[in-house]
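If you want the building blocks of each chain, they are given just below.
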Amino acid sequence: MPEKYVWRTTEKEIYPTKKAPSIVTLTKQTFITIKGSGNPNSEAFGEKITALYAVSYAIRMAPKKNIIFPNAFDYTVYPLEGFWTLPADYHSESLDKDQLVYRIMIKQPSFVTPNVFKQALALVKTKIKPELFSQLNLETITEGTVGMILHVGSFDNEPDSFKKLTQFLDTQGYQRTSKAHKEIYLSDFRRVAEEKRKTILRVSIIKK
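Residues numbered from 1 in each chain as written. Predicted model: local features only at pLDDT ≥ 70, side-chain atom pairs only at ≥ 80, totals over all residues. Heavy atoms only, no water.

Draft legend 1. Geometry of the pairing of strand β2 (residues 80-85). One ladder, built from six bridges, connects β2 with strand β3 (residues 101-107); its direction is antiparallel. Looking across to β3, one finds that W84 is bridged to Y102. Pairing analysis gives five bridges linking β2 to strand β6 (residues 181-185), with the strands arranged antiparallel. Across the sheet, residue G82 finds its bridge partner in β6, namely E183. (Pairing = 2+ DSSP bridges. Helix = DSSP H or I, 4+ residues; strand = E, 2+ residues; numbered from the N terminus.)

Draft legend 2. Representation of the pattern of salt bridges in the model. Inspection of the entire model under this criterion finds 10 salt bridges. Here E11 and K107 are joined by a salt bridge, their closest N and O atoms 2.7 Å apart. Highlighted residues: E11 in the loop between α1 (7-10) and β1 (22-37) and K107 in strand β3, separated in sequence by 96 residues. The pair E11 / K107 is uniform in exposure class, with both members buried. The salt bridge partner of K97 is D156, with a shortest N-O separation of 3.2 Å. Remark: D156 occurs in the loop between β4 (137-152) and α5 (158-171) and K97 occurs in the loop between β2 and β3; sequence separation between them is 59 residues. Taking the relative accessible area as the measure of exposure, K97 reaches 26% and is therefore partly exposed. Each of E81, E143, K182 and R202 takes part in salt bridges that share partners, so that together they form one network. (Salt bridge = Lys/Arg side-chain N within 4 Å of Asp/Glu carboxyl O. Buried < 20%, exposed > 50% of the residue type's maximum accessible area, 1.4 Å probe, protein only.)

Draft legend 3. How the structure looks around helix α3 (residues 114-124). Along α3, the residues classified as buried are V116, F117, A120, L121 and V124. End-on view of α3: buried residues confined to an arc of 140°, all on one side of the axis. Residues of α3 that are exposed and angled more than 90 degrees away from the buried face: K118 and A122. Residues of α3 that are buried make contact with β1, α2 (43-60), α4 (130-133) and β4. (Arc of directions from axis to C-beta. Contact = heavy atoms within 4.5 Å.)

Draft legend 4. Spatial organisation of α2. Compared with the 26 Å implied by 1.5 Å per residue over 18 residues, the 26 Å span of α2 between its first and last C-alpha is a close match. Contacts made by the buried residues of α2 are with β1, β2, β3, α3 and α4. (Expected span 1.5 Å × (residues − 1).)

Structure representation (structure tokens):
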């Protein structure tokens, strides 16, 4: 019987767990995504997370319902990720979380095709609000060259880690391409204490 595919051990370059910043070039990856705006502490944001996990686990647990997708294999579900930015006309020095714009997502294993996604949606249709159901998408995303750093602690303290990352990138001859960034939640922030949360901060970069 093939071993379970575990992203934490197999994809360490993509999901680093050491505090030292790093640079990597990412090829295309497939995600189930949903877009939104507003405060991530809101109930609406939590419902979107639940929708993403519902579909992701439907794919993962399909064999228990005797549904075998072509080329499927055993694996651990990937972590929640999200691109974050602010409106183009936002100029305040302080962060108003109600103005945040996001696209949250969960990566999928290689066998997940549009047809697999369609079947998974059918499995969870009664578990997801209709308005959210129609917003879920399967997307292929190529992030290119990125800089990353592991942040441990409260989301409100992320500026300290971004500063360290910027200094590292500068010494390596790189700069950010935009103010937008990606967060990868290695810890479930709904259950883990703030001081223990582990979040990968990722930014798109180019050579100076």
